[in-house]
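# Coordinate analysis (summary)
The chain contents come next:
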Amino acid sequence: MTRTLLAIVLVLLLGGAARAERLIVSVSNHRVTVTPNYSGEELVLFGSVERDATTPADRTAYDLVVTVRGPRADMVTRRKERTFGIWINTDYRQFLQVPSYLALFANRPFDAITSPEIARRQQIGLNNVLLTQRVGGDYADVVPNDAFRSAFIRLRTERGLYREDPSAVTFLTPTLFRTGIPLPAEVPIGTYEIEIKLFANGAFIGKTETAFEIVKVGFEQFVATTARHNGFLYGLATVAMALMTGWMASIVFRKD
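This one's a predicted model, so the numbers in the text were calculated from it and none came from an experiment. (Residues numbered from 1 in each chain as written. Predicted model: local features only at pLDDT ≥ 70, side-chain atom pairs only at ≥ 80, totals over all residues. Heavy atoms only, no water.)

Further remarks concern the overall build of the protein. Per the secondary structure count, the protein includes six helices and 14 strands. Across the 256 residues of the protein, 34% fall into the buried class. Nonlocal contacts in the protein, meaning residues at least 24 apart in sequence, comprise 66% of its contacts between residues at least 6 apart. Accessible surface, the protein: about 15600 Å² in total, of which carbon and sulfur atoms supply 59%. (Helix = DSSP H or I, 4+ residues; strand = E, 2+ residues; numbered from the N terminus. Buried < 20%, exposed > 50% of the residue type's maximum accessible area, 1.4 Å probe, protein only. Contact = heavy atoms within 4.5 Å. Areas by Shrake-Rupley, 256 points an atom, 1.4 Å probe, with all protein chains shown as cover.)

Right, here's the structure in full:
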């Protein structure tokens, strides 16, 4: 009896794997270098949907959602109010380990790709991405129209660090696709994860992942590495430079 059950499970697993289309993807550059004159660039993600003999013949159209997440960090959004003619911070909300860069791309509107339930479960669209907040002593992801969440996304979007584009993915053929990944000038340093999800007739078919890295080079990288690994020496050098700058300024602007 046990062998029979095991055989059934293996058949189901193998059959499920055989029926699933496979995504093959790559990115135009897996290592982006940031120099002092870096002003941003655009990477290209391209790939294909690999079908097999067991793929249903009537499955001829696909939908793709590409999610790009940058290094995670804790961030704070503050609420300012005008009091006696002065803008002061009256409240704040801390966002915990959220992506410093977040982009979602698709080949058509997100709400047309799948049902609201699947969209929430698969985090399709900015409104469905989990952004954990510290609310008092609790941790939660609040509703999309929460004032702090809306302000946080708006501010990141204005800087080009959060974005969504339902027409960025282009199918060159029924199975070949591409999309651009714009990187702004102030793009954070670190590893970027790319998640590609495949849908057909509203159903989630499968996904694959890839990644790229953004690194600093030159003098900026030297300063960052020194500050991270030799904090004491970096502090001494900073103090010495400040003293030297002050001394030189006192000579240049000295009144005789």
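Moving on, there is more to tell.
Here the focus is the sheet that holds strand E1 (residues 22-27). Reading across the sheet, the four strands line up as E1-E3-E12-E11 and stay open at both edges, with antiparallel pairing between neighbours. The open sheet is flanked by E1 and strand E11 (170-171), the only strands paired with a single partner. (Pairing = 2+ DSSP bridges.)

The subject of this paragraph is the packing of aromatic side chains. Scanning the entire structure with this criterion turns up six aromatic pairs. An aromatic cluster of at least three residues, connected via ring pairs, comprises Phe95, Phe152 and Tyr162. (Phe/Tyr/Trp six-rings, centres within 6.5 Å; stacked < 30°, edge-to-face > 60°.)

The subject of this paragraph is the confidence of the model for the protein. With 78% of its residues at a pLDDT of at least 70, the protein reaches an overall mean of 83. In the predicted structure, residues 4-19 sits below a pLDDT of 50 and forms three contacts with residues beyond four places in sequence or in another chain. (pLDDT = per-residue confidence, 0-100.)

To continue, consider the environment of valine 66. Locating valine 66 in the fold gives a position in strand E4 (residues 63-69). Valine 66 gets classed as buried once you look at its relative accessible area, which sits at 1%. In sequence terms valine 66 and glycine 125 are 59 residues apart; their C-alpha atoms lie 10.0 Å from each other. Each residue touching valine 66, except ones within four places of it in the same chain, is listed here: Leu45, Ala103, Leu104, Phe105, Val169, Thr179, Ile194, Glu195 and Ile196.

Strand order in the open sheet formed by six strands is E2-E14-E13-E4-E7-E10, with mixed pairing between adjacent strands. Taken across any chain shown, the strands that pair with only one partner, and hence form the sheet edges, are strand E2 (31-34) and strand E10 (162-165). Strand-to-strand twist of the sheet, defined as the mean angle between neighbouring strand axes without regard to direction, takes the value 15°. The sheet contact formed by strand E7 (residues 102-106) and E10 spans four bridges and is parallel. What sits directly across from leucine 104, in E10, is glutamate 164. (Axes fitted to C-alpha atoms, helices over the stretch in contact; angles between N-to-C directions.)

Attention shifts here to the side chain of threonine 55. With respect to the secondary-structure elements, threonine 55 resides in the loop between strand E3 (41-50) and E4. We classify threonine 55 as buried; its relative accessible area is 8%. When residues no more than four places from it in sequence are discounted, the contact partners of threonine 55 are Glu21 and Tyr62.

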